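# Commentary on secondary and tertiary structure
Listed below, chain by chain, are the residues.
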Amino acid sequence: WICRGMVRQYFGEPQSLAEMVRDTQWLQSSGYQAIFEEARRQWPYCSLAINWCYDEPWITASNNSIIAYPFRKKPGYFAVQGALRPVLASARIPHFAWQDGDGFDAQLWYLNDSDETVQDEVTAVLRIGDWEKELLTWQTDPVAPRTNLQGPAIHCVLPEIPDAEAVELILKTRTASRENTYRLRYTLRHPVVRAGRLNA
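Residues numbered from 1 in each chain as written. Predicted model: local features only at pLDDT ≥ 70, side-chain atom pairs only at ≥ 80, totals over all residues. Heavy atoms only, no water.

## A closer look at the pattern of salt bridges
Tallying each qualifying case throughout the model produces 13 salt bridges. Between Asp-120 and Arg-178 there is a salt bridge, with its nearest N and O atoms 4.0 Å apart. A residue pair is termed long-range when its members are at least 10 positions apart, and Asp-120 in the loop between β5 (103-112) and β6 (121-128) and Arg-178 in the loop between β9 (166-172) and β10 (180-187) qualify at 58 residues. A single network of salt bridges, built from pairs that share partners, joins Arg-22, Asp-23, Glu-165 and Arg-183. (Salt bridge = Lys/Arg side-chain N within 4 Å of Asp/Glu carboxyl O. Helix = DSSP H or I, 4+ residues; strand = E, 2+ residues; numbered from the N terminus.)

Below you can see the structure in the form of structure tokens.
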């Protein structure tokens, strides 16, 4: 959906249709990633999650579909695909928008829907623009088939990084197919007025 009020809240007034599309697709991708991974974390109490409207049978200006007509995969499609990999490092993050000075918190998890017991090493890295900080490395216990393992919590006070629009939490693992990245909105607490859009 377009949800213009929400777009303005997180990104400011869009300057073009392309900017509106980019912002709404970013919101959709992050939202679906969070929903599907959270549903998996709640197994066995939650046994299913499904998005409303998988694909579009005709041209439309906006919808919650993850495949647009005619069979164009939106960024949300790849976010859902990534969230449903059988074995995955995961993080429960409390919200989408962050500012410098905020205490960034997340709870690490390891999700195993495979038929094998797995064990891994997860390194959590926070990145804003050119700034990067390694927060911790977690040696998981063995994770039995079709079970999830709750790991440590991470915390970091976010620095002031001008001109950055996103904070990324990157979960590195021994196997690339189990790694995960979360791209969240980042703004300055005291916005800087620049030509064009406000960094707010």
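## Considering the sheet that holds β5
The antiparallel open sheet is built from three strands, whose spatial order is β3-β5-β8. Two strands lie at the open edges of the sheet, namely β3 (87-92) and β8 (147-157), each paired on one side alone. Going from strand to strand, the sheet's axes swing by 20° on average, the running direction of each strand aside. With nine bridges connecting them, β5 and β8 associate as antiparallel partners. (Pairing = 2+ DSSP bridges. Axes fitted to C-alpha atoms, helices over the stretch in contact; angles between N-to-C directions.)

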